[in-house]
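Examination of the molecular architecture
The residues making up each chain are set out below.
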Amino acid sequence: MWKIATTEGFPQTKKMIASSGNLMLFCVAFFWLCCRFDNVTSDIIKYDKTILEDANLPAPDLIRKYGYSAQIHKITTKDGFVLTAHRIPKPGAQPVLMVHGLEDSSVGYLILGPKKSLAYRLSDLGYDVWLLNTRGNRYSRKHKRYQRNMREFWDFSFHEVGLYDLPAAIDYVLAMNKGYEQLHYIGHSQGTTSFMVMGSERPSYMKKIKLMQALAPVVFCDYVGSPFVLFASKYVRPLTFYAGALGIYDFPPEGEVFQRLFYQICSFAFRNTCNYFLLQLMGVDAQQLNATLVPLFVRHVAGSSLKSLGHYTQLVHSGGFYKYDYYSAVENRRRHGSDTPPQYNLSNVDCKVALYYSKNDLLTAVRDVERLRDALPNVVHDGLIPYEKFNHVDFIWANDINSLLYDGMVENMKRSDRGEL
């Protein structure tokens, strides 16, 4: 007799299937409502030719277009990734290493152009600017052993970025800048998370940091306010499971076809819907979001691993800053030496740290940053942005970014250089 396969005896599988079904129904209904909303509210969209041109330029060409020199450097990590760093060179000057957030790239610090973006401003002030692209984004998708279609290639989160990428980049930059034993570090979002990992796991690197400036630091996630993140935290595990079964390990999936489709949809067809999703995810602040720059934002989404997204959702309401949970005592013991993932040791992050955060950041709650502040041993600046609606991406994209944030950051760097901080 043939026995019909069922999920009887597999309660976890049944639960995952039921959850996925509910999620699919929700997504279909929500997408339909968004389409209706766009049909009603969208107007004729026109963009400046410069914006459309910048949207399709890679970072080095973007730098050169505005009259700055650009260099491309390849940095190999101890575990075999080949990273790309973009440099706006000032030989002999104080180096500064800038690290982007999740799904972002070096373009994040260039996207608003010379008058606003921080990379250009620091170059104008005489700093030797290094823009790192961490593993998995569009500029850093090479490995000594693995191909991009292999699961092993994408088996990383912010943990590996902090353990391998940042130390390799710091060593490389200091080796290229003879006479300097320390560099300035600026990180946004994941660029802060990975730095805390490095400090915890490789504390000897803290002596190589002159000043670490953390923009929207994501470490503790007990008070995350984004409804999309809270919703996703319930479904990332089954979705990741099914994506892996289909051979999908990155998000958004790699490929020029998908990138151009995403660009066309969010820049032209459903701009209002994409803006709505973005603001609901990061914090509503229409005043500081220049909607005419949407093609720039969406075209330069750089990608990362699904494991990275999964690691962040594990931190939501976890009560701590934990290493990745493999949902298996055996695998956790193999990876971590314990049945459950241990916490990172933030007391090891003893370099000078400046924190910048805001009340309307739905991914980085004030109470979570205050807990981080109290856990770090050497916070020299506690910077709550006074503008009430400042959100998670305003740290990179805000219309008034100079007066709201960058002026203060530059002053702290100058004070640090003078030995006053």
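Residues numbered from 1 in each chain as written. Predicted model: local features only at pLDDT ≥ 70, side-chain atom pairs only at ≥ 80, totals over all residues. Heavy atoms only, no water.

Named according to an unreviewed UniProt entry, the protein is Lipase originating from Drosophila madeirensis.

**Looking at the pattern of salt bridges**
The following threshold applies: The working definition used for a salt bridge is a side-chain nitrogen of Lys or Arg within 4 Å of a carboxyl oxygen of Asp or Glu. Here a helix means four or more residues in a row that DSSP labels H or I, a strand means two or more in a row labelled E, and each is numbered from the N terminus. Each residue is placed in one exposure class: buried if its accessible area under a 1.4 Å probe, protein chains only, is under 20% of its type's maximum, exposed if it is over 50%, and partly exposed if it falls in between.
A full pass over the atoms with the stated rule returns 22 salt bridges. Put simply, Asp-128 and Arg-87 hold a salt bridge, and the shortest N to O gap is 2.9 Å. Separated by 41 residues along the polypeptide, Asp-128 in strand E4 (residues 128-133) and Arg-87 in strand E2 (residues 81-88) bring together distant segments of the chain. On the basis of relative accessibility, which here comes to 6%, the residue Arg-87 falls in the buried class. Glu-420 is the salt-bridge partner of Arg-418, the closest N and O atoms lying 3.1 Å from each other. Classification of Arg-418 by relative accessible area gives partly exposed; the value is 46%.

**Details of the UniProt feature "active site" (unreviewed entry) in the protein**
Short version of the rule: UniProt positions are given in the numbering used here, feature names are shortened, and annotations may be inferred rather than shown by experiment. Any pair of residues with heavy atoms lying within 4.5 Å of one another is described as a contacting pair.
Within the UniProt annotation, "active site" (unreviewed entry) is assigned to Ser-189, Asp-361 and His-392. Taken along the chain, the residues just named run across 204 residues; in space they keep tight, none of their C-alpha pairs more than 11.0 Å apart. Given the relative accessible area of 10%, Ser-189 is considered buried. Excluding its chain neighbours within four sequence positions, the residues that come into contact with Ser-189 are Gly-101, Leu-215, Ala-216, Val-218, Tyr-312 and His-392. One can find His-392 in the loop between strand E11 (379-384) and helix H14 (394-397).

**Re helix H6 (residues 190-201)**
Heads up, the condition is: Any helix carries an expected span of 1.5 Å times its number of residues minus one.
Spanning 12 residues, H6 covers 16 Å between terminal C-alpha atoms, matching the ideal 16 Å at 1.5 Å per step. Burial analysis of H6 places 11 of its 12 residues in the buried class, the great majority of the element. Looking only at H6, the buried set comprises Gln-190, Gly-191, Thr-192, Thr-193, Ser-194, Phe-195, Met-196, Val-197, Met-198, Gly-199 and Ser-200. Buried residues along H6 sit in contact with strand E3 (95-99), helix H5 (158-176), strand E6 (183-188), strand E7 (209-215), helix H11 (306-315) and helix H13 (366-375).

**Some details on the packing of aromatic side chains**
We apply this condition: Ring geometry is summarised as follows: Phe, Tyr and Trp rings, the Trp one being its six-membered ring, pair when their centres sit within 6.5 Å, and such pairs are stacked at plane angles under 30 degrees, edge-to-face over 60 and tilted between the two.
A full pass over the atoms with the stated rule returns 15 aromatic pairs. Here the aromatic rings of Trp-130 and Tyr-172 are separated by 5.9 Å at their centres, their planes lie at 80°, and the arrangement is edge-to-face. Here Tyr-172 lies in helix H5 and Trp-130 lies in strand E4, a separation of 42 residues in the sequence. Assessed through its relative accessible area of 0%, Trp-130 is described here as buried. Aromatic side chains Phe-158 and Phe-321 sit 6.2 Å apart centroid to centroid with 20° between the ring planes, which places their arrangement in the stacked category. Here Phe-321 lies in the loop between H11 and helix H12 (329-336) and Phe-158 lies in helix H5, a separation of 163 residues in the sequence.

**Quick notes on the environment of Arg-415**
Note on placement: Arg-415 falls in helix H15 (residues 401-417). Its relative accessible area of 28% is what places Arg-415 among the partly exposed residues.

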